[in-house]
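Results of the structural survey
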Amino acid sequence: MSMRLFLPCTAARRAVLSTRLRITSVAWRSYSKSTTEKLKAADPGKSIDLSQIPAENIRNFSIIAHIDHGKSTLADRLLELTNTISTRTTNKQVLDKLKVERERGITVKAQTVSMLYNYKGKQYLLNLIDTPGHVDFSYEVSRSLAACQGALLLVDAAQGIQAQTVANFYLAFGEGLTIIPVLNKIDLPAADPERVARQMAGAFELDSTDMLQISAKSRVNIDSILPAVIERVPCPQGEVTKPLRALLFDSWYDKYVGVVCMIGVVDGVLRKGDKVLSAHSDTKYEITEVGIMHPEQVPTGYLHAGQVGYVVCGMKSASEAHIGDTLSHVDARVKPLPGFQPAQSKVFAGIFPVDTNDFRKLDDNIKKLTLNDASVSVHKETSNALGQGWRLGFLGTLHMDVFRQRLENEYDANIIVTQPTVPYRVVFRDKTTQIIRNPTDFPDSDERAFKVARLEEPMVLATMIFPEEYMGKMIELCGGRRGEQQDYVYLDDQRVMMKYVLPLAEVVQDFYDELKSRSSGYASFDYEDHGYEQSDLVKMSVLLNSKPVDALSVIMHRSQVDQVGRDWVKRLKGVIQRQLFDVVIQTAIGGKIIARETVSALRKNVTAKCYGGDISRKMKLLQKQKEGKKRMKMIGTVELDQKVFYNFMDKKK
């Protein structure tokens, strides 16, 4: 009797345990997603039929602004307003998916998201692209604008127009986009919307009556944004009946499906299973998945003219996805789209693995990361001190630092980054030119005397906006960096916009830090290319016991050699470990020594067991040690610790 009662009870318990395990398994699978945004989606299981949304109901727009003016916060509010993400959770920087973006609080990578919005009884598809604000990531902005017809120009109502605001406005204006001015943070105590509106009207000739005044953080007037986008931004001009033409404007690497491409469909229709052709590589692919970012990847199986989405087409190599490429159907030959101008690298640095056995792994990691950041140029090089590595080109020092941090965060790379340099130009007497990206390629004294006509360095036109009381400090800073003033104008009775021509080499060191320090953080800075100018350039080398260290060579203006040379030997003396022989540290230009420091030798106590006897016994042992140290100095090598290179990246260390 008891046995019959026990069996049903056990079966019931097993059923309960089985149910709990299934629930736990489902919960674990849902929380094991690579990103948290899937958990925030309002209804991730719903299907979206894009074929029912005509081109006239599509709006492609981006948010452009100076850094820290509230772009990502506004994007979060728009996603909540359209029920793309749930409002039940705290949404902060939803589109900033990289760890480095969340740690630094800045947008590094442009992100695309599609939103569905009902307005006056019609359903609209709104494709939003959140863009970076720092000057080093302007290439991301320019590529994003190519897929848009309009832009929200966001300005902080307390800070007013900043340098990157000016640059982004002219970038969007040059693309022929419809610009909607928006004043953000109007609820701050220091906000002055009327003054900032007058600034924008004067600087950009925008109608102050059309400016929207909002607070993205406090959700004030957020519901006025999307109606303005629908009414003012034109719809895409492509036609569904024409042959397929799609612009590839972004890509990233997924370890499960390979390369994922973001495309804007200009003409025609793209469906899952279609065979497409790359105009750049003339390679054929089959579309295995197509969809939109809502905010994560949502397969739709269909995209037509005017829509922006992602495709997976079996690209396995990072080099196959060419930014600016045109995709078309295999059986239809079409005229390729204009694409993009390649990004011109402004700062170059060497990257080397700490462990030489990691070279192949690091090579694959750099290829995958450059797929996600097309503005980085890569060339392999070899250093006598550091072994095999790469010479990478970046758009600025922040860009370089973010790339390094992404390598460390996303791929657990352990790397050494050398002193950043800029591309110099050598003009020879036979009228040929050569770009010098590495100090080891700089012409020596004999070559300069007989073959070189002149040396040139890159210049930039810098735009600075700051309160009037800091003008003296700004002029002093730019004058000390070999700058030449071009123009200055008053934006209003408090703020000044000043333009200087500066050597790029001066800008990439610590100019931005000095600018913020001298202006108490109120100055903003932006720059653009200004060609090359002739300059008195020299190559300064670092010698350790008369042996040059190629990783510490640097090209600079002759006027800076004395100061930098003395500073370098003092800093090197502090980080090089003492040896059993003297280590002589020198900086030199050719055969001329600029500065010298000596790390004195360690003295080994060879007389420890020399008890008693004549003093000559002790002197004999010390003389023997002295001769041994002399021989050791001739054959001994000095190992440079990784700390040396890290210290040279920051002048404060």
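Check the entry above for the structure.
Everything numeric in this text was worked out from a predicted model, so none of it was measured. (Residues numbered from 1 in each chain as written. Predicted model: local features only at pLDDT ≥ 70, side-chain atom pairs only at ≥ 80, totals over all residues. Heavy atoms only, no water.)

Details of the environment of Leu552
With respect to the helices and strands, the residue Leu552 is situated in the loop between strand S28 (547-548) and strand S29 (554-557). A sequence separation of 10 residues divides Leu552 from Val542, and the C-alpha atoms of the two residues are 6.1 Å apart. (Helix = DSSP H or I, 4+ residues; strand = E, 2+ residues; numbered from the N terminus.)

Considerations on helix H5 (residues 138-145)
Spacing of three or four residues puts side chains on the same side of an α-helix, whose turn is 3.6 residues. Extensive coverage of H5 is indicated by the burial of 6 of its 8 residues. Among the residues of H5, Tyr139, Glu140, Val141, Arg143, Ser144 and Leu145 are the ones counted as buried. Lining the buried residues of H5 we find strand S1 (58-65), strand S3 (122-130), helix H6 (163-174), strand S7 (245-254) and helix H9 (359-372). (Buried < 20%, exposed > 50% of the residue type's maximum accessible area, 1.4 Å probe, protein only. Contact = heavy atoms within 4.5 Å.)

Side note on the side chain of Thr82
Looking at the secondary structure, you find Thr82 in the loop between helix H3 (71-81) and helix H4 (99-104). A residue is classified by how much of its surface remains accessible, and Thr82, at 9% relative accessible area, is buried. There is a polar contact of 3.3 Å between the side chain of Thr82 and the backbone oxygen of Leu79. For Thr82, the side chain forms a polar contact with the side chain of Thr84, separated by 2.8 Å. Here Thr82 is in contact with Met115, Leu116, Tyr117 and Leu226, once residues within four sequence places are set aside. (Polar contact = N/O pair within 3.5 Å; in protein donor to acceptor, adjacent residues only side chain to side chain.)

What about the pairing of strand S2 (residues 111-119)?
Most of S2 sits inside the fold, with 8 of its 9 residues counted as buried. Both S2 and S3 contribute to a ladder of 9 bridges, which runs antiparallel. From the neighbouring strand, Asn118 faces S3, where its bridge partner is Gln123. Connecting S2 to the antiparallel partner S3 that follows it, the hairpin turn spans 2 residues, and Lys120 within it adopts a positive phi of roughly 55°. (Pairing = 2+ DSSP bridges.)

Re the environment of Glu289
Relative to the assigned elements, Glu289 resides in strand S12 (residues 289-293). On the basis of relative accessibility, which here comes to 24%, the residue Glu289 falls in the partly exposed class. It is 6.6 Å that separates the C-alpha atoms of Glu289 and Pro299, two residues lying 10 residues apart in sequence. Residues contacting Glu289, with those up to four places away along its chain left out, are Gln297, Pro299, Tyr310, Val311 and Val312. Separated by 2.5 Å, the side chains of Glu289 and Tyr310 make a polar contact.

Some details on the packing of aromatic side chains
In total, this model carries 11 aromatic pairs according to the counting rule given. Their ring planes at 10° and their centres at 4.8 Å tell us that Phe359 and Trp390 sit as a pair that is stacked. Of this pair, Phe359 sits in helix H9 while Trp390 is found in strand S19 (residues 387-394), placing the two residues 31 residues apart along the sequence. Taking the relative accessible area as the measure of exposure, Phe359 reaches 16% and is therefore buried. A connected cluster of aromatic rings, assembled from ring pairs, spans Phe169, Tyr170, Phe173 and Phe204. Taking NZ or CZ as reference, Arg425 lies 4.3 Å from the ring centre of Tyr532, over its face. (Phe/Tyr/Trp six-rings, centres within 6.5 Å; stacked < 30°, edge-to-face > 60°. Lys NZ or Arg CZ within 6 Å of the ring centre and 35° of its normal.)

No statement about biological role is implied by the geometric values presented.
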